[in-house]
Amino acid sequence: MADHNTSPFYVTTAISYPNGRPHIGHAYEAISTDVIARFQRLMGRKVRFQTGTDEHGLKMARKAEEQGRTARELADEMSGYFREMCDELNVSYDRFIRTVEDDHHAASQAIWQRMEAAGDLYLDRYEGWYSVRDEAYYDESELTEGEGGAKLSPQGTPVEWTVEESWFFKLSKYQDRLLELLRTPGFLEPASRRNEMIAFVEQGLRDLSVSRTSFDWGVKVPGSEDHVMYVWVDALTNYLTGLGFPDDTEEMAEFWPASLHIIGKDIVRFHTVYWPAFLMSADLPTPQKVFGHGFLLNRGQKESKSLGNVTDPLELAEKFGVDALRYFLLREVAFGQDGSYSPEAIVTRANAELANSFGNLAQRTLSMIAKNMDGKLSAFDPLPADQALLDTVRQACAVEVPAEFEKLSFSVGIEAWIKAVYACNQYVDEQAPWTLKKTDPARMNVVLQTLFVALRDLGIAIQPVVPEKSANLLDQLGIPETARDYAALADSAWYQRLVNSGFVVAKPTPIFPRLELPEQEE
Ligand code: ME8
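The name given to the protein in an unreviewed UniProt entry is Methionine--tRNA ligase, and the organism recorded there is Erythrobacter insulae. What the UniProt record of the protein gives under Sequence similarities (unreviewed entry) is the line "Belongs to the class-I aminoacyl-tRNA synthetase family. MetG type 2B subfamily." Under Subcellular location (unreviewed entry), UniProt gives the following word-for-word description of the protein: "Cytoplasm".

See the structure below:
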């Protein structure tokens, strides 16, 4: 493999509002970020991966009030569902952060004090529009009109007129540095999201209200105890809290600035304008990259409680399997664009590619080796047709998949992988080892072992996407856990070592059973 980057890699998801249970969009973000974290680990990088819940603010306070309980009670219950979702979906986070935690309050107060020391905070009166659903301030000029003349945010959410004493952050001071950052290639991806942010900053930035006095569910402003911080100030700081900020920790030295913030397209402004400005003010380096993924739609429609089409991601995982769901989301949706899902689409994709192609290939190959060769492997000399297949598979697994995953083009990488699977299936059909069994057992031996080698490459390459199933396959192939990273693909001695170890292929257990479409629920 070509030289690759071995520097530490810090990746984060957005932290979700636990004002309700997690939905498919949350699952999508957690899974995609997990694929990135797993991929980078397998590329040999030291990875730190953080996710969690964003528990303060008016949205949480109001939802709790509606339900007649405290914000803390609501947060405690709902945050638990988010963590459970991550655990069930095999999301390999290093820390699941909750913004109610003490170290997070301390970190938020520390960044606040640094912004204050930089002379960037002043007390004034805020008069303007606020969307509780977006937890965002909007300029009059950004609003649109909804039914009955109601004013709506650019996200289509209601806004309310707000007047209160507030601390302000001198956002305007950072205009030029922000423009320079936004124009830095690779800082904000996909590139299609850049122009919008550049236009937003170019039109002139107003100072930002960064504290509230009309409610108290938040992090207290140091020295100004009747104020709580604007929820986005504390929320964004979570990325530092997890590394031990403000202490001079090893984690800060190693992992800050973050390599990659994964977020949805609706919160790009917070991550590429406000967040870098806070960091510049606090004299901390800005993140290397922010990627704004698209939205997931249910049969092309936004999910909402009123449409009654809200899907519980864990129900999907239970029906179809965690890895089938993960595979579907990464394969079907071009990362960065919006995508649509439905139970039929998941079943169709999983059956065609995982059950009938990859799973079937593994099942056929391993059962023939177990049955016709007593499970025994030996050194073999491939013919040109065998070598051609091995080269195709190796190219896809060791070159194309890593190159595309590195660029976050998961659907393209998986496409290269499934094409290699198809090439293997075509090879089995052409070589017909079941016929060779009678006519030329020595040749059958070579064909099946060629497929065994191909399966090992395919199993290694797809691990970030389907971690449980690929581990199961690699176990059945006798591949040691220490030899499953992308670098192992370049090791030419692995097969001989496996042969020497006396490993015997057992009768296989299917990895991807065929899925049935669920009964239509009325
Ligand atoms: O925005 N498809 O929290 P959140 C894909 N607390 N992604 C979606 C989605 C959908 N249908 N709906 C939401 C917040 N998301 C803040 C973040 S970060 C310091 C604070 C994404 O619970 C959304 O874009 O509303 C965001 O990245 C994440 O889910 C959490 O959304």
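After that view of the structure, there is still more to cover.
Here the focus is the UniProt feature "short sequence motif: 'HIGH' region" (unreviewed entry) in the protein. The positions that UniProt labels "short sequence motif: 'HIGH' region" (unreviewed entry) are, in the present scheme, residues 16–26. Along residues 16–26, the helical share is 27% and the strand share 0%, with 7 Å between the first and last C-alpha atoms.

Position of F39 relative to the elements: it lies in helix α1 (residues 24–42). C-alpha of F39 to C-alpha of R69: the two residues are 30 residues apart in sequence and 42 Å apart in space. Not counting residues up to four positions away in its chain, the partners in contact with F39 are F405 and P464.

In the vicinity of the ligand, 18 residues are found, and the nearest of them are A14, S16, G25, D54 and G264. The set of elements that each furnish at least two residues to the shell around the ligand consists of α1, α7 (231–241) and β14 (260–264). The dominant element in the shell around the ligand, judged by the number of residues it contributes, is α1, at four residues. Residue composition of the shell around the ligand, grouped by class: 10 nonpolar, five polar and three charged.

Taken together, three strands build an open sheet; the order of strands is β11-β13-β12 and the sheet is antiparallel. Each of the sheet's edge strands pairs with one partner strand only, and the pair in question is β11 (211–212) and β12 (220–221). When β11 meets strand β13 (residues 224–229), the two strands line up antiparallel, connected through two bridges. If you follow R212 over to β13, its bridge partner there is V228.

Bringing the domain arrangement of the protein into the picture now. Here the protein is described as being made up of domain 1 (9–120 + 170–293) and domain 2 (352–501). Each of domain 1 and domain 2 was reduced to a C-alpha centroid, and the two centroids are 41 Å apart. Of the residues lining the interface, eight residues belong to domain 1; the matching set on domain 2 comes to 12 residues. Element by element, the count of residues in the side of domain 1 that touches domain 2 is highest for α1, at four residues. The class makeup of the residues in the side of domain 1 that touches domain 2 is five nonpolar, two polar and one charged.

Further remarks concern unusual backbone geometry. With an omega of 10 degrees, the peptide bond running from F245 to P246 counts as cis. Relative to the helices and strands, P246 is located in the loop between α7 and α8 (250–255). Cis geometry is found at the peptide bond from W256 to P257, where omega equals 5 degrees. Its location among the elements puts P257 in the loop between α8 and β14. In the Ramachandran plot, A432 falls in the positive-phi region, its phi being about 40 degrees despite a non-glycine side chain.

Contact pair helix α14 (residues 410–431) / helix α16 (residues 441–461): the axes reach a minimum separation of 11 Å and the direction vectors enclose 170 degrees. In terms of orientation, α14 and α16 fall into the roughly antiparallel class. Every pair of crossing elements has a handedness; the one defined by α14 and α16 is left-handed. Only V447, L451, A454, L458 and A461 of α16 make contact with α14, whose side of the interface consists of W417, A420, V421, C424, V428 and Q431.

All right, on to the sheet that holds strand β5 (residues 136–138) then. Ordered in space as β5-β4-β8-β10, the four strands form an open sheet in which the pairing is antiparallel. Two strands in the sheet have a free side with no partner beyond their single neighbour: β5 and β10 (208–209). Note: strand β4 (residues 121–131) against strand β8 (residues 160–169), 10 bridges, orientation antiparallel. By the bridge assignment, L123 is partnered in β8 with W167.

Reading the values: rules and limits
- Residues numbered from 1 in each chain as written.
- Predicted model: local features only at pLDDT ≥ 70, side-chain atom pairs only at ≥ 80, totals over all residues.
- UniProt positions renumbered as here; feature names shortened; annotations may be inferred.
- Helix = DSSP H or I, 4+ residues; strand = E, 2+ residues; numbered from the N terminus.
- Contact = placed C-beta atoms within 7 Å.
- Near = placed C-beta within 6 Å.
- Nonpolar A, V, L, I, M, F, W, Y, C, P; charged D, E, K, R; others polar.
- Pairing = 2+ DSSP bridges.
- Domains from an automatic or database assignment.
- Axes fitted to C-alpha atoms, helices over the stretch in contact; angles between N-to-C directions.
- Parallel < 35°, antiparallel > 145°, perpendicular 65-115°, else oblique.
- Left-handed = near helix turned anticlockwise from the far one by under 90°.

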